[in-house]
Each structure stands twice: as C-alpha cells, then as structure tokens.
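Notes for the structure review
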Amino acid sequence: MAWPLVNLNVAFFFLIFLLSQSCLSISLPLLLPPPHPRARPAMVLPLFPSPKNTSTTFPDSSHRLLRSDSNSSHPYARMRLYDNLLSRGYYSTLLWIGTPPQRFALIVDTGSTVTYVPCAMCEKCGTHQDPKFQPELSSTYQPVKCNLDCNCDKDRDQCIYERQYAEMSVTSGILAEDVISFGNLSELSPQRIVFGCETEETGELYRQHADGIIGLGRGDLSIVDQLVEKGVISDSFSLCYGGMDVGGGAMVLGGISAPSDMIFSYSDPVRSPYYNIDLKEMHVAGKKLDLDQSVFDRKFGTVLDSGTTFAYFPEAVFEAFKDTIMKELNSLKQVSGAVPSYNDTCFSGISSDVSQLSKTFPTIELVFENQQKLLLTPENYLFRHSKVQGAYCLGIFQNGMDPTTLLGGIIVRNTLVTYDRKDSKIGFWKTNCSELWERLHVTSAPSPSPSPSPSPFPFPSPSPSPSPSSSSGKENSTFEMPPISAPEESPIYALIGEIEIGEISLDLALNVNHSYLKPRLVMLLEFMAKELGVNGSQVHLLNFTSEGNISFIKWSIVPSGSATYISNTTAINIISRLAEHRLMLPDDLGNYQLVQWEVKPPSKQTWWQRQYLVVLLGIMMFIIAGLTASGIWLWSRRRQPQIPYQPVDGAAREHELQPLQS
C-alpha cells in the first residue's frame, strides 16, 4: 500500500507557495486499473508533499537524512516477514507497541510514510489479525500535543494524520508516541517512536487481514527516518521477499554488508519522496524491447513499492513487453483467468514445479544506466492460477494512461533489496529469501559491528547456535515476544541426541474468534494432520481456550499404528514446519503462531501395562468358559423329569405294585 492523496485545499495553497518560490513541478495522480483479486493495490502518489505531517519532536529532517555511515557500528533490527503475494497480496512483519508490549502484524510498505495501528477508541475499524491497541494499558503511551508542525484536531489539542489511497480507502487518527520493540531477533533495543493511533478506516484498509502498515518511505513520520534521526541505525534498510511457493522472508532496519555481486541502481531522493531506480532498457529472452530510453523516466520514473503486489507498466512498455513474450509463448495454450472480469493473460499445461518454469518462460533483464542488469526469472513476473492446475498468469499489467513505471513485490521475489539511502542507491541480489531467513533465525545475534568489507552473505557472520533450554526438549519457538531490555535469540529446533519420542505436544495461538473456531476444530486438526503428513488418528485435542479474539489450542501427535515412538527427524520436521509458518491455513481461520512445543518420551509401562492384553484375554476366556458351563448345567437340569407338586392333605394316587423279585 502506498502513496496518499493530499487534501486539495492544502495542495492549492501549497501550489501558490511553490509558484512564489519558482520551483513548481506539477504532477497528476497515477491512474491505475482496479485492484486485482488477492493483490494489494497500487496507491496514488501525492499531488504535493504535505507541509504539515510531523510534530515538534521530529522537525523537518530532509537535509539530514544522508549523514549515517553504513559501515559504522550502529545496531540493526532483523525481523521476519510473513504471508505471501498469492494469498494476501502483501508481506507483513511483527511490531510490539507499548509497555507491556502489544503485538501487531503490519504490512511492509516502502510507499507509505506513517506507521499506524487501529486503536481501542476506533469504532470504524475492521476486524484484523490482532486486538486493537489499548493506550490505557501502556505506561509509556503519550499523545503528540498540537503544535505548529502538525495538523491539529478541531479542539487544537492533539496532532492528527489522514491518508487517502487510490481505491478511495482512508485511514485517519491521532499521532502518539510510545515504545516500539522489534522482536527477539533484533539487535536494536526498543525505541520511542511516533506512530498513528487509528480512529477510522475505510475500504481496503477496513477489510485487510493485517492490523496496519509500517511506513518505510521517506518522510518525518517514517519509522526509518525516526530511527536514523535518533542515530540508532545507519540510513539503510533491506527487504527480502520469499518465492512463489514458500513466502515469508526477512527485513533488516539498518545497514548491512553488501554481497560482492550485488548490483546497484542510482536512486534520486530529490525526484520524488518514493524509491526509484534508473531503468533504461528492458530485454525479454535476450531481445531488447524497441523503446526509447526516456519511456522509463517519465513522470515519477520507475518506482519500487513493496506494498503493491504486481507490476504496472506504461502503455508503450506494456504493449512491447506483451507482444514479445506472447511470441515466445505462442506454443502454449491460453486460458481465462480465475476471475472473468479481469483480463488476465494466463497459460496452461505447464509443470507445477517452480524450478522448471525457466524451461518454458523466458527471462527478463532490467538494464540500469550503469549497464548493470537485474535478471528476472519467471517467478518474478508470474503468479499461479488459483483454479487451473499447472496454469500461470502474467503479474504485469498496464498502468492505465499514466506514464509511471511501478514495480511491486512480485518483481523482487527471492531478491535481497537494499535501500541504501545514505549513498542514494538501491541494491539487488538474487538469493533464496526463505533460506536467508533460516540462516538468520537459527543463529545467535551477530557482533554489533558489521564487517565493512563485502562478504558472500548479506549479514555479519553468525555466532554459534545456542543450546536447547532443557534436557526435556521443551523450548519456546518463534512466537516472538519483544525484550524489554536486551534482545535474546530464538532457540533452534534441535533435540539433544537421538531420543525416543512418544508424544509431541503443541500449543497454537490463532487470531480467530473462539465461537467461530469451535465448530471447525475437527476440520482444522484434520487439515493440520494432512499438511504434516500424519494420520488423523495420531492427532488428539488436549485443550481449547481463548483470550479476547485469540484462540489457543493444545494438541498432540502420537506414534501411528503399532509404532511405539516418533523418529527425531519426523518430530523436527513437524515442529519446524509449524514454527516457520510453512503451513498455509484456510483464509477464514486466520494466522497462527506456535507458542510452545514439547516432546515427551514413551511412558514407562508396568508389568500390568505390558501384559494387559494377555491378562485381558485370559479373563475373557475364563468368563466365556464359565458362561458356557453354566449354560450346559441349566440345559441338563431342564432335561430331567419334573415331579409335580402334591398338597399334604390331597388324595394319594394309587400306584401299581411291582412284582416281587424272587
């Protein structure tokens, strides 16, 4: 999500001011197509920058943004990314606000300049992943008082903000300051940051699953600018979006050591408040598109926006691109998109294996002014068809009549993108972003001083991994809670030696209402069993509770059939897949966190437990034998002649005398 519209009255007066200063540059808003299903729509660029969007605590810092040294000893915050482009249309990360911390899932957006979350007083906010922020529960919360450097409410008591987006959704609220924590993998300690405490939201903002937005753009309210202004990080940050089938990834606020083969493009901070690259040419299957270089430099140029799902090309670029790629794919069968009202370009009869796509689809090269080339593989411009197996669609669309080139998240899948604001450049390095996160996640915190020399890894060399917390195998997983003091590293998913496992106990937290989830518990556990590759009979529900809008499920997995234990490999695979969010729940069940897991050895059996089948069989045979004997006895009694009852005073019946035996 990106690019707010400014109130037209403000824009008009600001226009007069700019004319008086003889430095006017008039631009019209981007005209974008309707948002695609599953896509996070591209947003409109502002008509003019807002003259009042900060507080006295954070004065205009536009001339002081590029003073940090990326090779300095500043710490950085490394944070995990969640979700993926296909299911959500965006990537999100976790932040904690307040004391004690309250957790929020925020869309990672380089096109937004404010970080905001729904607040408890918001009556016009949708239902999102986490409960609303409750200022009264935070001992460190403080609203930003009205001053000359911000827009104020009607009572002139508090600073307020408002943003309007291309699809006409709106967010507004008050500006506040509180302690923000970055998770237990962060080297950066919690910091006081100004953020938006949302009191109203409409449109796409109201319907989205994530709680809000973390603004990474240029501007005084940007979380990056605030941290740089405080001098706690260097003026740089990096994003690494996961691939087509995996999702997730990593984010780093602060400088990192760039890999030696990272390619760079100049990014002009004066041209616009958004991150742009100096794109000059585009090649498809090695063929240069017949375009004038200036086509990529019109209006706002070529803009990177992490909050936009797909890519949007100017009309001339899109037509040249589509014509060339269709000639390359003329042997493939075209099919309609998942939603007929959207004119998607889709192809069927293709392998479902992402690694094999390059055998069918061509590569694309983006050529910068310095002649360095960014190679785009098929997963950087395709998305899976949601209804046809083995079908893919182009994730590049025409940007209406607007000449701006907009590159969304799909373009940088499995690409480490470093926004080096100090040196006005953006770097690109092709890598497996999910594996990159795993390298970050399973190692302990690195040295506070990143190495100034380039290295094959984009981050400092890791320290040895920590040991598990106890011999019982019980540890906390990646349910990240922010440290109040120094951060601690999340433990790895390791077991001490080869142990026999009789049960895996798992605690899950789901952001879904208790009453909604209760009738769907069986379906959820069956889904989990199928995704984890175990039988439904192995899964047992132990407990089901709730707290607010969060439901907690305690369940276990036991050995299958006649097996007496679960192998270490199977156990680690189950735990890691849950902890690393490699299971995608149905959308109506929300997101989940693995809060805690525990492995238990097979219980020691007594003589009775070991022999109970034999004893039980003996008892049953004894009972059957007894019942059989009783039945035979009763049957034989019934076969004996019965002597009729004779009253005492009744007449005696004459009996025939038997002859005497001689």
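Residues numbered from 1 in each chain as written. Predicted model: local features only at pLDDT ≥ 70, side-chain atom pairs only at ≥ 80, totals over all residues. Heavy atoms only, no water.

Looking at an unreviewed UniProt entry, the protein chain carries the name Aspartic proteinase 36 isoform X1, with the source organism given as Gossypium hirsutum.

**A look at the state of the cysteines**
Scanning the entire structure with this criterion turns up six disulfides. A sulfur-sulfur distance of 1.9 Å marks the disulfide that ties Cys122 to Cys125. Taking the sign of the S-S torsion, about 90 degrees here, the bridge from Cys122 to Cys125 comes out right-handed. We classify Cys122 as buried; its relative accessible area is 2%. With its sulfur 1.9 Å from that of its partner, Cys146 forms a disulfide with Cys152. Sign of the S-S torsion, about 90 degrees for the bond between Cys146 and Cys152, identifies this disulfide as right-handed. (Disulfide = S-S within 2.5 Å. Buried < 20%, exposed > 50% of the residue type's maximum accessible area, 1.4 Å probe, protein only.)

**Thoughts on the packing of aromatic side chains**
The description of an aromatic ring pair uses the distance of the two centres, along with the angle that the planes make with each other. Scanning the model with the defined rule gives 16 aromatic pairs in all. Ring centres 4.0 Å apart and planes at 20 degrees place the aromatic pair Tyr91 and Tyr241 in the stacked group. Remark: Tyr241 occurs in strand E11 (residues 236–241) and Tyr91 occurs in the loop between strand E1 (77–81) and strand E2 (92–97); sequence separation between them is 150 residues. The same class applies to Tyr91 as to Tyr241, namely buried. Between the aromatic rings of Phe347 and Phe361, the centroid separation amounts to 6.1 Å while the plane-to-plane angle is 70 degrees, which identifies the pairing as edge-to-face. Highlighted residues: Phe347 in strand E20 (residues 346–348) and Phe361 in the loop between E20 and strand E21 (364–368), separated in sequence by 14 residues. As far as the burial class goes, Phe347 and Phe361 line up, both buried. Between Lys425 and the ring centre of Phe264, over which it is positioned, the NZ or CZ distance is 4.3 Å. (Phe/Tyr/Trp six-rings, centres within 6.5 Å; stacked < 30°, edge-to-face > 60°. Helix = DSSP H or I, 4+ residues; strand = E, 2+ residues; numbered from the N terminus. Lys NZ or Arg CZ within 6 Å of the ring centre and 35° of its normal.)

**Quick look at the pattern of salt bridges**
Here the structure, examined in full by the defined rule, presents 14 salt bridges. Arg192 serves as the salt-bridge partner of Glu177, at 4.0 Å between the closest nitrogen and oxygen. Here Glu177, found in strand E8 (residues 170–181), pairs with Arg192, found in strand E9 (residues 191–201); they are 15 residues apart in sequence, far enough to count as distant. The class of Glu177 is buried, set by a relative accessible area of 13%. Look at the salt bridges and you will find they share partners, linking Asp225, Asp235 and Arg421 into a network. (Salt bridge = Lys/Arg side-chain N within 4 Å of Asp/Glu carboxyl O.)

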